[in-house]
Amino acid sequence: MSILVYIDHFQGVGKPVSWEIMGKARELANELAAPLVGFAVGQHLDGLAADAIAFGADRVLVADGPAFAQFRAAAYTAALKAAIAAAGPRIILAPATAGVRDVTALAACELGIGLAPDCQGLALDGAGNLLADRPIFSGNIITTVTFRGQPQMATVRPRSFPLPARAEARSGEIVPLEVVLDARATQEEILAFETTQTGEISVENANIIVSGGRGVKGPEGFAPLRELAKTLGAAVGASRAAVDAGWIPYPHQVGQTGKSVRPDLYIACGISGAIQHLAGMSNSKVIVAINKDQDAPIFGVAQYGIVGDLFEIVPALNAAFQARLGR
Amino acid sequence: MKYIVCVKLTPDTEQLVEVRPEDVGSGDLGVTMVLNPWDEFAVEEALQLQERVEGEVVAITLGNEDSVEALKRAVAMGVESAVLLSDPAFDGSDAWGAAAILAEAIKQQGDYGLILTGRQSVDGNSGLVGPAIAAKLGLPYVSQVAKVVDLTEEAITVRRALDEGVQTVRVPLPAVISVSKEINEPRYPNFMGIKKAARMKYPAVGADDLPGLDRGQIGAGPALVEWTNLRKPPARKSKCQFIAGATAAEKAAALVDKLIAEKVV
């Protein structure tokens, strides 16, 4: 019985979280002496399938065709169910990304498979059952999810595991997957898709985030943060206050009603540190806070703090990093 | 047609940090409970859509008797009808069990055109019940809806967020959608609404009232997942080091040194 890994991608380019999960799945597969099978659905996926083998898959099942060119939950769910039927997995792992969250939920419910969503840790018990750690109560409590029966499914957050190394010498099998799409599976009509990819790194995938809150005072206030982010190769984040005020779009929002992030470094500029914001970033490895108010709650979670005007400090930081990093 | 909004009573987000792991599942968390904030957007959207395509808005909740408070908030906002699903036989259900119960109640309502949920609950954080209801009823499911572009009795067209962009998608009704916070600004209840909510009756609907419900799907027995080893996350070890310096440039330089030493840059 295999381990099946859902490979999420955009236009044939694998998302880093897919490979992070593949790396962990490779470890689990070795522990269980089970084959590791990748699954991908979309269009023009030859390169993606080859990447999957380089990252550890023994076999890759591919649902490739015009019917899958755009994300459609019902069609992608049919493809995942076909992959599960073909691979007979004991464990199924998938990225907790938009779209895939829907597909895994629909497939697991229809097939009667236990699903632990949005996990950040995976292990096996003595009998080879999955143990999945996940945050609940908005990150205030952690639980280990255990499963009844098989297969056992979990979706996994970005940056829960390290990116594995590619092994170009690895070989594996790439198998086209037959998917029958009935009328119900083709009810979604895609009328348009507008990409928001401007080459920006998204906060959930970022190593470093420079984040702005109410103290940024307006859309122009994000300019020095963007400069610093550029120097550091970082993503730009925001608190709910900044997003609700219309200063920066919602995909940048970090927090309970935004995204959960796990960077190595989180620089919070003009962010007070409300509980709801902390819920989204308290897993950061190192937190730096820059705020005029020395009593701001954010200093309660930060390792390093500067009490001062972010409009002086952030440009000074940018200059100092440029000098030290030679950028 | 009917707009069915599935809502949940959850801890006040300011008090989530006070919930003790050992109290989870006990039925009393010892904190103030409110309508799940994500669900407010779903209630508001149903009320706004009702002005575009006529229909009754029904709020449904599954929980203990206290869950009435979630329904009262929805009614106070303007929702016409409310259903409380409460029965010890329902307790301990996993997301698929909860969806089976809600789906049966929705079928009993009949004439459902659009089923709306919030993105997730602030306590369970799973976001699984919405798609599971769609699976149980065999309906299309669209998540992360940021805007309803068009609505008729036959179909709904929405803009929904994916990681890389925004998709405009149309599905036939009936359908299930979950809404994101971008979609609207939930209204505050007015005095008339609060009075109406207080006067309304909310009889508990139990397993015996849902004859079509497969008892083999509900309760803790059939649950496919279980929460074990509930614990607080490891405390952040830090006490904040405040960086000193006479000028912004000095402070910046000192901080950069520290961050390079931490190897996070």
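Just so it is clear, the model here is predicted, and its values are computed rather than measured.

1. Observations regarding the overall build of chain A
Thought 1: Regarding its fold elements, chain A presents eight helices and 18 strands.
Thought 2: Relative to the 2.2 N^0.38 estimate, which gives 20 Å for 327 residues, the radius of gyration of chain A is 21 Å and therefore close to what a compact globule would have.
Thought 3: Projecting the C-alpha coordinates of chain A onto the three principal axes gives extents of approximately 60 × 45 × 40 Å.
Thought 4: Among the 327 residues that make up chain A, the fraction classed as buried is 59%.
Thought 5: Considering only contacts in chain A between residues 6 or more positions apart, those separated by 24 or more positions represent 66%.

2. A short note on the interface of chain B and chain A
Thought 1: Listed per partner, the contact involves 70 residues of chain B and 76 residues of chain A.
Thought 2: Listing elements by their share of the side of chain B that touches chain A, those giving two or more residues are α3 (95-109), α4 (129-137), β7 (141-151), β8 (155-162), β9 (165-172), β12 (225-231), β13 (241-242) and α6 (248-261) of chain B.
Thought 3: Element by element, the count of residues in the side of chain B that touches chain A is highest for α6(B), at ten residues.
Thought 4: Of the residues belonging to the side of chain B that touches chain A, the class tally is 40 nonpolar, 16 polar and 14 charged.
Thought 5: As defined by bridge partners, strand β13 (residues 189-195) of chain A adjoins β9(B) across six bridges and the pair is classed as antiparallel. Across the sheet, residue A:Glu194 finds its bridge partner in β9(B), namely B:Val166.

3. Here's the deal with the sheet that holds strand β7 (residues 114-119) of chain A
Residues and elements named next belong to chain A.
Thought 1: Taken in spatial order, the seven strands make up an open sheet running β7-β11-β6-β1-β4-β5-β12, and their pairing is parallel. The sheet is open, and its two edges are formed by β7 and β12 (173-176), each paired on a single side. Sheet twist, expressed as the mean angle between neighbouring strand axes with direction ignored, is 20°.
Thought 2: Where strand β5 (residues 59-64) meets β12, four bridges bridge the pair, whose relative direction is parallel. Its bridge partner being in β12, Leu61 is matched across the sheet by Val175.
Thought 3: Packing of helix α4 (residues 100-111) onto the sheet brings it into contact with β1 (2-6), β6 (89-95), β7 and β11 (152-156), and relative to β11 it is tilted by some 170°.

4. Some words on the sheet that holds strand β8 (residues 121-124) of chain A
Thought 1: Read across the open sheet, the four strands follow the order β8(A)-β9(A)-β10(A)-β12(B); overall the sheet is antiparallel. With one partner strand each, in any of the chains shown, β8 of chain A together with β12 of chain B form the two edges of the open sheet. For this sheet, the mean angle separating the axes of adjacent strands, direction not counted, is 30°.
Thought 2: Pairing between strand β10 (residues 141-147) of chain A and β12(B): five bridges, direction antiparallel. The residue bridging A:Thr146 from the neighbouring strand is B:Glu226, located in β12(B).

5. Describing the packing of helix α2 (residues 68-77) of chain B against helix α5 (residues 191-199) of chain B
All names here are of chain B.
Thought 1: Relative to each other, α2 and α5 sit at 140°, their axes nearing to 7 Å. In terms of their interaxial angle, α2 and α5 are classed as oblique. Note on packing geometry: the crossing formed by α2 with α5 is right-handed. Here Lys72, Val75, Ala76 and Met77 of α2 come into contact with α5, specifically with Gly193, Ile194, Lys196 and Ala197.
Thought 2: For the contact of α2 with α5, a count of residues per class yields five nonpolar, one polar and two charged.

6. Re the environment of B:Asp23
Residues and elements named next belong to chain B.
Thought 1: In this structure, Asp23 sits in the loop between β2 (9-11) and β3 (33-35).
Thought 2: Taking the number of C-beta atoms within 10 Å as the measure of exposure, Asp23 has 15 and is therefore partly exposed.
Thought 3: Residue contacts for Asp23: discarding those within four places in its chain leaves Asp28, Leu29 and Gly30.

7. Considering the packing of helix α8 (residues 310-325) of chain A against α6(B)
Thought 1: Relative to each other, α8(A) and α6(B) sit at 55°, their axes nearing to 8 Å. Judged on the interaxial angle alone, α6(B) and α8(A) are oblique. Crossing of α8(A) against α6(B): the hand is right-handed. Seen from α8(A), the contacting residues are A:Glu312, A:Ile313, A:Ala316, A:Leu317, A:Ala319, A:Ala320, A:Phe321 and A:Arg324; seen from α6(B), they are B:Ala248, B:Ala249, B:Lys251, B:Ala252, B:Ala253, B:Leu255, B:Val256 and B:Ile260.
Thought 2: In the contact of α8(A) with α6(B), the residues fall into 13 nonpolar, no polar and three charged.

8. Description of the pairing of β8(A)
On any regular strand, side chains alternate: one points to one face of the sheet, the next to the other face.
Residues and elements named next belong to chain A.
Thought 1: Here β8 pairs with strand β9 (residues 130-136) via four bridges, running antiparallel. Bridge pairing links Gly121 to Asp133 in β9.
Thought 2: Connecting β8 to the next strand, β9, in antiparallel fashion are five residues, including Gly128 with a positive phi near 80°.

9. As for the nonpolar core
Thought 1: Ranked by size, the top nonpolar core spans 141 residues in total, and within it A:Val5, A:Ala79, B:Val5, B:Ala74, B:Ala99 and B:Leu102 carry the most contacts.
Thought 2: For this core, the leading source of residues is helix α3 (residues 73-87) of chain A, giving eleven residues.
Thought 3: Filtering out sequence-adjacent residues up to four positions away, B:Leu102 remains in contact with B:Cys6, B:Ile60, B:Leu62, B:Val129 and B:Ile133.
Thought 4: In terms of nonpolar packing, the next biggest core, distinct from the first, is built from 57 residues, A:Ile208, A:Leu232, A:Tyr304 and B:Ile243 among them.

Criteria and cut-off values
- Residues numbered from 1 in each chain as written.
- Chains lettered and ligands numbered in written order.
- Predicted model: local features only at pLDDT ≥ 70, side-chain atom pairs only at ≥ 80, totals over all residues.
- Helix = DSSP H or I, 4+ residues; strand = E, 2+ residues; numbered from the N terminus.
- Rg over C-alpha atoms; globule rule 2.2 N^0.38 Å.
- Buried ≥ 20, exposed ≤ 12 C-beta atoms within 10 Å, placed from the backbone.
- Contact = placed C-beta atoms within 7 Å.
- Nonpolar A, V, L, I, M, F, W, Y, C, P; charged D, E, K, R; others polar.
- Pairing = 2+ DSSP bridges.
- Axes fitted to C-alpha atoms, helices over the stretch in contact; angles between N-to-C directions.
- Parallel < 35°, antiparallel > 145°, perpendicular 65-115°, else oblique.
- Left-handed = near helix turned anticlockwise from the far one by under 90°.
- Core = buried A, V, L, I, M, F, W, Y, C linked by C-beta atoms within 7 Å.

Keep in mind that these numbers describe shape and distance, not what the molecule does.
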